[in-house]
Amino acid sequence: MNSTATTSPAARETMATDPAGPHHRHRPWQQLPPRAETATLALVRALRLAGVAVLCFFAYRTAADPWWAMAHSDLAALLTLVLAARRPRPLAPDVLAVGTGVWAFATVLWSVRPDLSIPSAYLYLSVFAFFLGIRQLVTTWRRLAAVGYAFLAGCLMTVGELYSKAAPTLASSGRVVDVRTRFTVSAADVNFTAYTLVTGLVVALVLTVATAGHAPRVVRWLTLATVAPLFWGVLLSGSRGAAIGASLALAAFVVSRLGPRWSWRGVAVAAPVVIVVVSLGWVPHSQIARLELGGLYHRSTGDLSGRLDIWPYAASNWADALFTGHGAGVFFKTNPFGIGAHNLLLTLGNDVGLIGALLYLGVIASALWLAARGSLPALRLAPVFVVALLPIWLTGEWMCSMATLLTLALLSKLPRSAAAPAGGPTRRAPAVQAVPAGARTGSGRDAPLAARLMTSANAAAVRAR
């Protein structure tokens, strides 16, 4: 039946002259008088602007002081989620992030040491809520650029502090880099500093892509040039895993530009296999021990600084509570070696079990899948992210990393508009025209031809965006 007979003239006029169409009628301020609607929109914009400013602050602090950022991750998550001022539209990474945080907190129920599990579970919940807040708030390339450059500024500040600590030693030795000596910033773990700089390197590449077609060419080249000091900072830290990850990231960036799809497929298949076979001891320790790079770093111990000894114990301990784990944070404080597992899979297995590990890794996999299918530049960057973090996941203790999740969130939100070539015109979506009065009065076969044609044009405009 034609809907004209059941639609009032006022409703038909509103439907015909509202260029937003029926897609946005859920927005409550569109039911308000014009002045109230304007005030509400201004308030929402102000809240989101404040949210971006808060997010930029925490992004900078995450790079400059990882320990401080972890201690205040709950505040960062709360503010970004509240100031996003939008109805959540969760996708797979968002749902899995919530599931990971909730499951980590649930392990307190069966933990053998609840006093250790409560703060650790709270940290899991906070960092994944922070990840969720970034994905809710960063919806345009400008916001992505603002947050990314804030994080990059913090990384460059860290490199400057590293150089100030290393300058006397380098001057006395006459070298540009001395990997035999480890340097770090105050109150920060040397490995955390190095790992953060690796994620900063990936963010620099993401920003180079995100500003294509929007920022001048010189801005993109300057952004890409920050890779050099970031890599130098990684070398100054003396972290072998971070140095390998940064080197692999640069190699993957070049290779992925030659064959993006094959690069992504190869990394997507190889990385999980490597994580499993190395973590569970299916690779001879003599082969893994080569990662010590003893001839270069002069810190060879034959067991990766105790990692090859603790990995079999961690795997055996995980098998005692395969699906549920022993409780977040318990293994780190209770194992006889007195250190963490220094392996992502083994740490997750002991903390949150196989269920929690699958949820955690599902967040990473689904976010990268969204990025890879969103645009060609994001497809090229997805394998870069994986290979940069792979050595850290294999040998580091960095499961609740705000820097990793921030980088992953930005990569997953890389807008399609970033695919415009540098220096070329950005493709603009055709304007969505209002439907003439009386045209949009039906649906399906009863709709007039003009309404159906305009609906098709609107759909094409949305796809073009």
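The notes below deal with the structure included here. Model, not experiment: these values are computed from the prediction.

This part takes up the overall build of the protein chain. Looking only at helices and strands, the protein chain features 20 helices and zero strands. For the protein chain, the residues scored as buried account for 49% of the 465 residues in total. Summarising the internal contacts of the protein chain: among those between residues at least 6 apart in sequence, 76% fall at separations of at least 24. For the protein chain, the computed accessible surface area is about 21,400 Å², with 66% contributed by carbon and sulfur atoms.

Moving on: the pattern of salt bridges. In total, this model carries four salt bridges according to the counting rule given. D94 is paired through a salt bridge with R135; the nearest N and O atoms lie 2.7 Å apart. In this pair, D94 is assigned in helix α5 (residues 92–106) and R135 in helix α6 (residues 114–137), connecting sequence segments 41 residues apart. R135 sits in the buried class, given a relative accessible area of 5%.

Side chains that are nonpolar tend, in soluble globular proteins, to be buried together. Y124, F130, L368, F385, W393 and L408 are the most contacted members of the largest nonpolar core, which totals 122 residues. With residues near it in sequence (within four places) discarded, Y124 still touches A104, A328, L348, D351, Y360, M399 and C400.

Following the criterion strictly, the structure yields twelve aromatic pairs and no others. Each ring, one from F192 and one from W398, has its centre 6.4 Å from the other, and the planes form 50 degrees; the classification is tilted. A residue pair is termed long-range when its members are at least 10 positions apart, and F192 in helix α8 (residues 190–210) and W398 in the loop between α18 (376–395) and α19 (402–412) qualify at 206 residues. The same class applies to F192 and to W398, which are both buried. Consider the rings of Y313 and F331, whose centres lie 6.1 Å apart with planes at 35 degrees: the pair is tilted. Within this pair, whereas Y313 is found in helix α15 (residues 307–319), its partner F331 is found in helix α16 (residues 330–334), the two being separated by 18 residues in sequence.

As for its placement among the helices and strands, H342 is situated in the loop between α16 and α17 (344–374). In this structure the side chain of H342 is engaged in a polar contact, spanning 3.0 Å, whose partner is the backbone oxygen of G340. Every residue in contact with H342, bar those within four places of it in the chain, is listed here: R307, W311, T347, L394, T395, G396 and E397.

Although it is not a glycine, L304 adopts a positive phi angle of roughly 55 degrees. Here L304 shows up in the loop between α14 (294–297) and α15. Given the relative accessible area of 5%, L304 is considered buried. Of note in the backbone geometry, S305 takes a positive phi value of approximately 55 degrees without being a glycine. For S305, the position within the fold is in the loop between α14 and α15.

Moving on, we get to the environment of A243. Structurally, A243 can be placed in helix α11 (residues 240–258). Along the chain, A243 and F231 lie twelve residues apart, while their C-alpha atoms are 7.8 Å from each other. Among residues more than four places away in sequence, those in contact with A243 are F231, V234, L235 and Y297.

The subject of this paragraph is the layout of surface pockets. Size it by volume and the second largest pocket reaches roughly 590 Å³. Around the second largest pocket, the lining is made up of 25 residues, and of these W67, F192, F332, E397 and M399 lie nearest the centre. Among the secondary structure elements, those contributing two or more residues to the lining of the second largest pocket are α3 (66–71), α6, α8, α16 and α17. Of the residues forming the lining of the second largest pocket, the biggest block, five residues, is contributed by α6. Taken together, the residues that form the lining of the second largest pocket break down as 14 nonpolar, seven polar and four charged.

Largest kink in α18: about 35 degrees, centred on L389, with the proline P391 one to four residues after it. The buried count for α18 comes to 18 of 20 residues, which makes it a mostly enclosed element.

Parameters at a glance
- Residues numbered from 1 in each chain as written.
- Predicted model: local features only at pLDDT ≥ 70, side-chain atom pairs only at ≥ 80, totals over all residues.
- Heavy atoms only, no water.
- Helix = DSSP H or I, 4+ residues; strand = E, 2+ residues; numbered from the N terminus.
- Buried < 20%, exposed > 50% of the residue type's maximum accessible area, 1.4 Å probe, protein only.
- Contact = heavy atoms within 4.5 Å.
- Areas by Shrake-Rupley, 256 points an atom, 1.4 Å probe, with all protein chains shown as cover.
- Salt bridge = Lys/Arg side-chain N within 4 Å of Asp/Glu carboxyl O.
- Core = buried A, V, L, I, M, F, W, Y, C linked by side-chain atoms within 4.5 Å.
- Phe/Tyr/Trp six-rings, centres within 6.5 Å; stacked < 30°, edge-to-face > 60°.
- Polar contact = N/O pair within 3.5 Å; in protein donor to acceptor, adjacent residues only side chain to side chain.
- 1 Å grid on protein atoms, 1.4 Å probe; cavity = no way out; pocket = protein on both sides within 12 Å on 5 of 7 lines; lining within 4 Å.
- Points joined across faces, edges and corners; volume = space filled by probe spheres on them.
- Nonpolar A, V, L, I, M, F, W, Y, C, P; charged D, E, K, R; others polar.
- Bend = angle between axes of the 7 residues up to and from the residue.

By themselves these figures say nothing about function.
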